[in-house]
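Residues per chain are reported as follows:
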Amino acid sequence: MQNAIDLYHSVVIEIATPYFIGTGFYLRDSGIIVTNEHIVRDNREVVINGEHFPKQLAKVLFIDERHDLAFVAAPAVDAPSIKLGVDSPVRQGDPVVAVGHPFGFKYSASQGIVSNTRHEIEQILYIQHDAALNPGNSGGPLINEKGEVVGVNTFKVKDGNSIGISLPVQHLAEALTEFQKGNGQLGVRCHSCSNGVFKSNIEGQYCPHCGAKLSLPDGVEEFEPMGVAATLEEMIEQAGHQAPLSRSGPNCWTITQGSAKINIHYHEGNGIITGDAYLCSLPKANIKPLYEFLLRQNYTLEGLALSIKDQAIILSLIIHDRYLNVETGLKMFQNLFDQADHYDNVLVEEYGAVWRTE
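Residues numbered from 1 in each chain as written. Predicted model: local features only at pLDDT ≥ 70, side-chain atom pairs only at ≥ 80, totals over all residues. Heavy atoms only, no water.

1. So, the overall build of the protein chain
The condition is simple: Secondary structure elements are taken from DSSP: a helix is a run of H or I of four residues or more, a strand is a run of E of two residues or more, and numbering for both begins at the N terminus. A radius of gyration in this sense is built from C-alpha atoms; the matching globule rule multiplies 2.2 Å by the number of residues raised to 0.38. Burial here depends on accessible area, computed with a 1.4 Å probe over protein chains only, as a share of the maximum for the residue type. Under 20% is buried, over 50% is exposed, and the range in between is partly exposed. Residue contacts follow a heavy-atom distance rule, with two residues in contact if any of their heavy atoms lie within 4.5 Å. Each accessible area is a Shrake-Rupley result for a 1.4 Å probe, and residues are judged covered by the shown protein chains and nothing else.
When you go through the protein chain residue by residue, the secondary structure sums to seven helices and 19 strands. Computed over C-alpha atoms, the radius of gyration of the protein chain comes to 23 Å, within 12% of the 21 Å expected from 2.2 N^0.38 for 358 residues, which places it in the range of a compact globule. The C-alpha extent of the protein chain, read off along each of the three principal axes, is 70 × 45 × 40 Å. Within the protein chain, the proportion of its 358 residues that are buried is 50%. Across the protein chain, contacts joining residues at least 24 apart in sequence account for 58% of those joining residues at least 6 apart. As displayed, the protein chain has an accessible area near 17,300 Å², and 48% of this comes from carbon and sulfur atoms.

Below, the structure written as structure tokens:
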């Protein structure tokens, strides 16, 4: 099982939109990334990031709303091929592993046991198990002892004591068959008759087979930020970063400046905007000089603060939305970006701090 977990490290991918964060996995033989439809919903493009995939925008190619599946375009990369366990029936008591990026964190794998192979929801039979699923795990693979994909993680039952629900891989195989009929065209699997419908055969907004109303992936309105989010994205652009590529969930953006990574959050409920740059980690020894340095810097820093959370050293900025405009915000955030890139080098090179690993 450990070999399988290591294998999937190379093919599991973070997916982010202005609305959701989730997980996908790369099918080399098909040249696509599989994820949940609800993760990519209302987006023509999503942000992908993985071991073999530098952070980039990728087009949504195909959606299957009924089975909560979506396929995203993937560049051809030298990543391992993984096998779909279509011929490996899942049984009660089987050990399984759910792989993904919970809460947007990096790769994780959690083991569990299948408790039910026929958990019915809206006339679809799902796999029920107790492998831990959290927000961000959605769209990731559920794998068996042989390292085969036996399901696509869909959701966790609320207040269900770690009850996870995964779509059986047979439905993914069927969706792939329908997608391949379009020869690379943008498409949708009809929620009524289950046929693949593509640019070349859709009749206006209707399925040519049954007449159900459908929308292709490029039929959705492109995301346009509003209010404070729009101000923040204009500020990010003027600071020399791509706002669409920086989006990492609702009112969240991630910026890389040199060797520093900065997370920006807008907390709409209280109007607070935070910028947190995770610089590096505390060393195991000789920590006192580093603490003294942080305290001295906090005495002289204007508008920024250095702090420690667990082992991480963080440089932070806090603004209230009533005081935010592009001109003032740009100066404050540009200062955060520049100082973050400066301080992580100083802390590592002069005080023995440790570079953070993703």
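2. Comments concerning the pattern of salt bridges
Operational definition: The term salt bridge refers to a side-chain nitrogen of Lys or Arg lying within 4 Å of a carboxyl oxygen of Asp or Glu.
Per the counting criterion, the structure on display carries eleven salt bridges. With a shortest N-O distance of 3.6 Å, E148 and K83 are connected by a salt bridge. Taken together, the positions of E148 in the loop between β10 (141–143) and β11 (149–156) and K83 in the loop between β6 (69–73) and β7 (95–100) put the pair 65 residues apart, joining distant regions of the chain. The partner of E233 in a salt bridge is R247, with the nearest N and O atoms 2.8 Å apart. Note that E233 is positioned in helix α4 (residues 227–238) and R247 in the loop between α5 (243–246) and β15 (252–257), a separation of 14 residues in sequence. With respect to burial, E233 and R247 carry one shared label: buried. Through salt bridges with shared partners, a single ionic network connects D64, E174 and R189.

3. Here's the deal with helix α6 (residues 288–300)
For an α-helix, the turn length of 3.6 residues means that residues three or four places apart are oriented alike. Here is the rule: Expected span of a helix: the number of residues minus one, times 1.5 Å.
Over its 13 residues, α6 runs 19 Å from end to end, which matches the ideal 18 Å to within 8%, given 1.5 Å per residue. Of the surrounding secondary structure, the elements contacted by the buried residues of α6 are β18 (305–309), β19 (312–320) and α7 (326–351).

4. Structural notes on the sheet that holds strand β16 (residues 260–267)
Filter applied, for reference: Here a strand pair is declared whenever DSSP counts at least two bridges between the two strands. Working convention: axes come from line fits to C-alpha atoms, limited for helices to the stretch in contact. Angles between N-to-C directions cover 0 to 180 degrees.
Spatial strand order, β15-β16-β17-β19-β18: five strands in an open sheet with antiparallel pairing. With one partner strand each, in any of the chains shown, β15 and β18 form the two edges of the open sheet. Each strand of the sheet is rotated relative to its neighbour by a mean of 25°, with strand direction disregarded. Summarising the sheet, β15 and β16 pair through six bridges and their orientation is antiparallel. Note on β16: the bridge partner recorded for Q257 is A260. Contacting β15, β16 and β17 (272–281), α4 runs over the sheet at an angle of about 10° to β15. On top of the sheet, α7 reaches β15, β16, β17, β18 and β19; it is set at about 15° to β17, its chief contact.

5. Some words on the environment of P89
Mapped onto the elements of the fold, P89 is located in the loop between β6 and β7. For the pair P89 and P208, spaced 119 residues apart in the sequence, the C-alpha separation amounts to 34 Å.

6. Quick look at the nonpolar core
Formally: Among buried residues, those of type Ala, Val, Leu, Ile, Met, Phe, Trp, Tyr and Cys that are joined through side-chain atoms within 4.5 Å constitute a nonpolar core.
Core analysis: the biggest nonpolar cluster contains 57 residues, and Y8, Y26, I48, F71 and L172 have the highest contact counts within it. Element by element, the count of residues in this core is highest for strand β5 (residues 53–64), at six residues. Beyond its immediate chain neighbours, meaning those up to four positions away, Y26 contacts V11, I13, G31, I32, I33, F53, A74, P75, A76, V77, A79 and I82. If you look at the next biggest cluster of nonpolar residues, it comprises 40 residues, including A229, A277, Y343 and Y351.

7. Considerations on the packing of aromatic side chains
As a reminder, the rule being used: Paired rings are identified among Phe, Tyr and Trp, the last through its six-membered ring, by centres lying within 6.5 Å, and are further divided according to the angle between planes into stacked (under 30 degrees), edge-to-face (over 60) and tilted (the rest).
One pass over the structure, following the stated rule, counts nine aromatic pairs. A ring pair is formed by F62 and F71, whose centres lie 5.6 Å apart and whose planes are at 15°; its orientation type is stacked. Taking the relative accessible area as the measure of exposure, F62 reaches 1% and is therefore buried. The buried category is assigned to F71, whose relative accessible area is 0%. Among the aromatic residues, those joined into a ring-pair cluster are F62, F71, F179 and F198.

8. A short note on helix α3 (residues 169–180)
The end-to-end C-alpha distance of α3 is 17 Å, a good match for the 16 Å that twelve residues give at a rise of 1.5 Å each. Every buried residue of α3 is accounted for by V169, H171, L172, A175, L176, E178 and F179.

9. Some thoughts on unusual backbone geometry
Although it is not a glycine, D42 sits at a positive phi angle of roughly 65°. You can see D42 is positioned in the loop between α2 (37–40) and β4 (45–50). Of note, the phi angle at E122 is positive, near 50°, even though the residue is not glycine. Mapped onto the elements of the fold, E122 is located in the loop between β8 (108–121) and β9 (124–129). Looking at E122, the relative accessible area reads 67%, which means it is exposed.

10. Some points on the pairing of β6
When you tally the buried positions in β6, you get four out of five residues, the bulk of the element. Bridging between strand β3 (residues 32–35) and β6 involves four bridges; their strand directions are antiparallel. Bridge assignment links T35 to a residue of β6, and that residue is A70. In the sheet, β5 pairs with β6 via four bridges, with the strands oriented antiparallel. Paired with V60 across the two strands is V72, which belongs to β6. Between the end of β5 and the start of β6, which pair antiparallel, lie four residues, with D68 showing a positive phi angle near 55°.

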